[in-house]
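For reference, the chains in residue letters:
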Amino acid sequence: MDQTIVARIDRSDHEGAVADWAGHEARLRGLPLQVVDHLRPDILSKAKMVVLGMPGEGGTAGPARESAALAVVGASSCPVVLVPDAPGLGALRHSRHEVVLGVDARDPAAAAIDFAFEAALTTHVRLHAAHAWSLPSCAAELPFGIPEEDRGAWEDHEVQLLADVLRPWRAKYPGVRVLEDVVLFAPAHALIRKSASAALVVVGRRAGSGSADITQALLRDAECPVAVVPW
C-alpha cells in the first residue's frame, strides 16, 4: 500500500486547519490522504507524514493536550507536522516565502535537513537554515569583555561549520535557494522568533537529546506550522 498523509482530526478548533494543511501536502506529494480521529500503530506504520493540531499558542494549552501531542511526536517514525489554529492559514502559506530549518551544525539531523530542503523545493520557497550558537565558556572569564577579533573568529568558525553541513544537500537540491544564518541565541528562542515570518519550521528529533525541549517550546509559541522529523 502506498504511504499516506495522515490527518488526525480531534473535534477541536484545529480541525479545519489540520485538514487543509494535510490535504495540501497530499496534493503536492501525489499521495492519498487519510483522515482519522485516533492514531493507531497500524496507521502510523503506513504514514509518510502525520498532521495534527498544535496544542495551543502562548502557553494556553492544557497539559493533557500538550502531553498527547508530544507522545505522538515521540512515537512516530515519520515527520509530524503540528498546525496552529490560525485564521487564514492558507493565505499564510502563500504569503510567507521561506521554510526555516533549525540545524545544529555540530550534531546535524540529516533526515530533518533533507525534509526541509524537499519542502522548500516542492513549495518553491527559500530555505532559511538557522544554526544557533553560544559563546565558549572561557568568554565569561575575560575581565574586560570579549575582544571583537575573538568573537569574529568564533562566529566565522560557526559559519564554516554550517556551510560544511549543508554542502551535500545544496548539491542534491540545486534548485533550492538557501540562506545560511548563524545566530547568537538559544535554539528555541531563535526558531520562535523566525516562525513569525516562516511558512514552516523544521526541527529534528532524536531520543535522549535536548531536542524535546526545543519541540515543546515551539508547540507553545511558534507562529506557523512546525514539522518534527525523527532521526
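Above this text you will find the structure in question.
What counts as what
- In this convention, every chain numbers its residues from 1, walking through the sequence in written order.
- Given that this is a predicted model, residues contribute local features only at a pLDDT of at least 70 and side-chain atom pairs are listed and counted only at 80 or more, while totals for whole chains, interfaces and linings are drawn from all residues.
- Side-chain numbers here rest on the full set of heavy atoms in the structure, without hydrogens or water.
- For the purposes of this entry, the term helix denotes a DSSP run of H or I that reaches at least four residues, the term strand denotes a run of E that reaches at least two, and both are numbered from the N terminus.
- A pair of strands is labelled paired if DSSP reports no fewer than 2 bridges between them.
- Axes here mean lines fitted to C-alpha atoms, for a helix over just the part in contact, with angles spanning 0 to 180 degrees between N-to-C directions.
- In plain words, nonpolar cores are sets of buried Ala, Val, Leu, Ile, Met, Phe, Trp, Tyr and Cys residues tied together by side-chain atoms within 4.5 Å.
- Buried, partly exposed and exposed residues are distinguished by accessible area as a fraction of the type maximum, computed with a 1.4 Å probe on protein chains only: under 20%, between the cut-offs, and over 50%, respectively.
- Here a residue-residue contact requires only that any non-hydrogen atoms of the pair lie within 4.5 Å.

Novice: For unusual backbone geometry, give the residues involved together with the corresponding values.
Specialist: With the exception of glycine, most residues fall at negative phi, and the peptide bonds are largely trans. For H124, which is not a glycine, the phi torsion comes out positive at approximately 60 degrees. Mapping H124 onto the fold places it in the loop between α5 (110-123) and β6 (126-132).

Novice: Kindly report on the sheet that holds strand β8 (residues 200-205), identifying the contributing residues and their values.
Specialist: Across a sheet, strands are paired by hydrogen bonds formed along the backbone, either parallel or antiparallel in direction. Strand order in the open sheet formed by nine strands is β2-β1-β3-β4-β9-β8-β5-β6-β7, with mixed pairing between adjacent strands. The strands lining the two open edges of the sheet, one partner per strand, are β2 (33-36) and β7 (178-183). Strand-to-strand, the axes of this sheet are offset by a mean angle of 20 degrees, without reference to chain direction. Relative to β7, β6 runs parallel, the two sharing six bridges. By the bridge assignment for β7, A130 is matched with D181.

Novice: Would you mind going over the nonpolar core in detail, with residue names and values included?
Specialist: In terms of nonpolar packing, the biggest core is built from 42 residues, with V51, V99, L101, F117, L200 and V202 touching the most fellow members. The element best represented in this core is α5, accounting for seven residues. Contacts of F117, omitting those with residues within four sequence positions, involve L127, L166, W169, R170, Y173, V176 and V178. The next biggest cluster of nonpolar side chains, apart from the first, holds 27 residues, and it includes A47, L52, A198 and C224.

Novice: Quick one: what's the story with the environment of L191, residue by residue and with numbers?
Specialist: With respect to the secondary-structure elements, L191 resides in helix α7 (residues 187-195). For L191, a relative accessible area of 5% translates into the label buried. Sequence separation between L191 and V203 is 12 residues, and the spatial gap between their C-alpha atoms is 9.2 Å. Apart from residues no more than four positions distant in its own chain, L191 is found in contact with V100, G102, V201, V203, I214 and L218.

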